[in-house]
Every structure is written in structure tokens, then in C-alpha cells.
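# Residue-level structural notes
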Amino acid sequence: MIKVCTACGTSYDEQREEIKRCAICDDERQYVPATGQKWMPLERLLLTHSNKWQQHTATLFSLQTVPGFAINQRAFLLRTSQGNILWDCIANLDNATKAIISALGGIHAIAISHPHYYSTMQDWATAFNAPIYLHASDREWIMRSSPHIQLWHGDELEILPAVKLIRLGGHFAGGCVLHHSHNDGLLLSGDILQVTPGANAVSFMWSYPNMLPLSASTVSDIMLRLSPLKFEQLYGAFEHREILTNAQKKVLHSGEKYIACLQK
């Protein structure tokens, strides 16, 4: 039986071994709720939740589970002429979602920013016969094996023409963003770059729930990796957290501000 952690959405196969603790939540970058560790059979999640969709541009859709579940991030479907990419993942893969994605052309590849959003990636990959690109630095956080998982190394991986994964590190050693260089450029950031409530800046944390910051040197390195990219828009992990104009300028300014505050 596949069970999902109700705090983070990570899936575990109970038939393989008894599940006692969620390794993702035990790590300080996530948390175990004060009420304790809880699990939900995947079949129950499918019965009690559904996914809502939003079209942001002609080629970019997001989907998010309702009512909110676990971390409550959104996933994105980026459509390109060479195939569709699922960016990040949510636990709930219901029949309606399968039908919508199939109607939009299926999934050519799955790419995930960091382990908090691995969720049920194995099931998505099986359903659409798609490879999952994960950075090798985060391999220890894979809780269910899958023949679809492809670990990559280094700082960049082109998964389709004009679509690259860029490793930024920070929140996780293998934390990455997706850059689509078509038109004015687009960045999908998960929460490797966390869009702030005003939707005009980003911030950087090692642990968001425990409010543990990154060092100035780490953020400086992230800025160096981002500076060659061109992107007008940036979409973060959570609903209404997107920067729709001058995103690159705002991100670089945010980095400068963050470093300046640490150095005071």
C-alpha cells in the first residue's frame, strides 16, 4: 500500500517496509507537526481531494490540490513544441488530472526543484511514461525507487531545446530552478527562490518552517549562477507568488538586499 505523509506529501511503500517516521519531516528543513506524524493511504487522498487548474500564459498551466494538502505547493505544466514538462509535483494524481494532461499532449519529462516536492513523482512518471530528472546531490531523499528516475550531476542540464535545469543549491544541495529561454524568458523556482507576499521580491532560506537563513556567501553564489540568465517572469511554488515583470532585476536586487542585511 502506498501511503503519503500528511505534513509533506512524500509517498512511501508500506509493502516494502514498515513506515515509522517520515525522513523528510524529521529533517530540520521540514517539521513533524506538534500533533504527531500522520499518514494517509493514497487511495483516500484520491477520494477526498481534487486538483484545480490555472492557465497563466499560452504555454504555462499550474495545478494545486484542494482542499489544501501537506505543504500545498503547486505544480506546473510547461508546454513546448518539443513536449510538455511537469515542474515540481503534487501528491494527488486523480483521473481528471490524467485526462487534462493527456488532452494537452502528455508529459515528456518531469523535473523537480528539491525533495519537499517529490511527493508521488513515481506514480506520475509511470502514468505518463516520463523520466524524472533529480539532482544527484539529493539522492538520499528519494523514499521510493523508480526506473524512471534519472539522476543528473553538475550545475546545468538541458532537458529540451531552450529548457534548462540550473542548480542553485541553498535550500538543498541539489536545489534547482527551471529556465525557459523562449521569448523574454521564464523562471520556475519552486521555493529555492521564495517569492515574497508583495510579489515583487524573493528571499532565500535553508529552512522555511524553522526560519533558518542561508549565509551571505551561499546567496552570493546563487546570484552568480542566476546573473547570466534572462527572465522576465518568475513563478514560485505557491499560489499568487509570481513576479510578472522585470523578474530578473527584482531577483538580483533581492539578493543584494539580503546580503547587505546579513553584513550589517
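As a starting point, this report considers the structure included with it. None of the values given here were measured: they were computed from a predicted structure.

Each value, and the rule that gives it
- Residues numbered from 1 in each chain as written.
- Predicted model: local features only at pLDDT ≥ 70, side-chain atom pairs only at ≥ 80, totals over all residues.
- Heavy atoms only, no water.
- Helix = DSSP H or I, 4+ residues; strand = E, 2+ residues; numbered from the N terminus.
- Expected span 1.5 Å × (residues − 1).
- Buried < 20%, exposed > 50% of the residue type's maximum accessible area, 1.4 Å probe, protein only.
- Arc of directions from axis to C-beta.
- Contact = heavy atoms within 4.5 Å.
- Pairing = 2+ DSSP bridges.
- Axes fitted to C-alpha atoms, helices over the stretch in contact; angles between N-to-C directions.
- Salt bridge = Lys/Arg side-chain N within 4 Å of Asp/Glu carboxyl O.

Taking 1.5 Å per residue, 16 residues should reach 22 Å; helix 6 (residues 247-262) reaches 23 Å between its end C-alpha atoms and fits that length. Looking only at helix 6, the buried set comprises A247, Q248, V251, S254, G255, Y258 and I259. Each buried residue of helix 6 lies within a common arc of 125° when the element is viewed along its axis, so the set occupies one face. Summarising the geometry of helix 6, the exposed residues directed more than 90 degrees from the buried face are K249, H253 and E256. Next to the buried residues of helix 6 lie strand 16 (202-203), strand 18 (212-213), helix 5 (216-226), strand 19 (233-236) and strand 20 (242-243).

Let us look at the sheet that holds strand 1 (residues 2-5). Read from one edge of the open sheet, 3 strands run 2-1-3, paired in antiparallel fashion. Taken across any chain shown, the strands that pair with only one partner, and hence form the sheet edges, are strand 2 (11-13) and strand 3 (39-41). Taken over all neighbouring pairs, the strand axes of this sheet differ in orientation by 35° on average, direction set aside. Relative to strand 3, strand 1 runs antiparallel, the two being bridged by 3 bridges. Residue K3 lies in a different strand from strand 3, and its bridge partner there is P41.

Of all 7 residues that make up strand 5 (residues 60-66), 6 are buried, and the element is covered over most of its length. The sheet contact formed by strand 4 (residues 50-55) and strand 5 spans 6 bridges and is antiparallel. From the neighbouring strand, K52 faces strand 5, where its bridge partner is Q64. What sits between the antiparallel neighbours strand 4 and strand 5 is a turn of 4 residues.

Moving on to the pattern of salt bridges. A complete count under the given rule lists 10 salt bridges for this structure. One salt bridge in this structure joins D27 and R29, with 2.8 Å as the shortest N-O distance. Judged on exposure class, the residue D27 and its partner R29 are both buried. Among the salt bridges present, the one from D155 reaches R167, with a minimum N-O distance of 3.1 Å. You can see D155 sitting in the loop between strand 10 (149-152) and strand 11 (156-160) and its partner R167 sitting in strand 12 (residues 163-167), a full 12 residues away along the chain. On the accessibility criterion, D155 (37% relative accessible area) is partly exposed. Overall, R167 belongs to the buried group, its relative accessible area being 17%. Through salt bridges with shared partners, a single ionic network connects D155, R167, D221 and R225.

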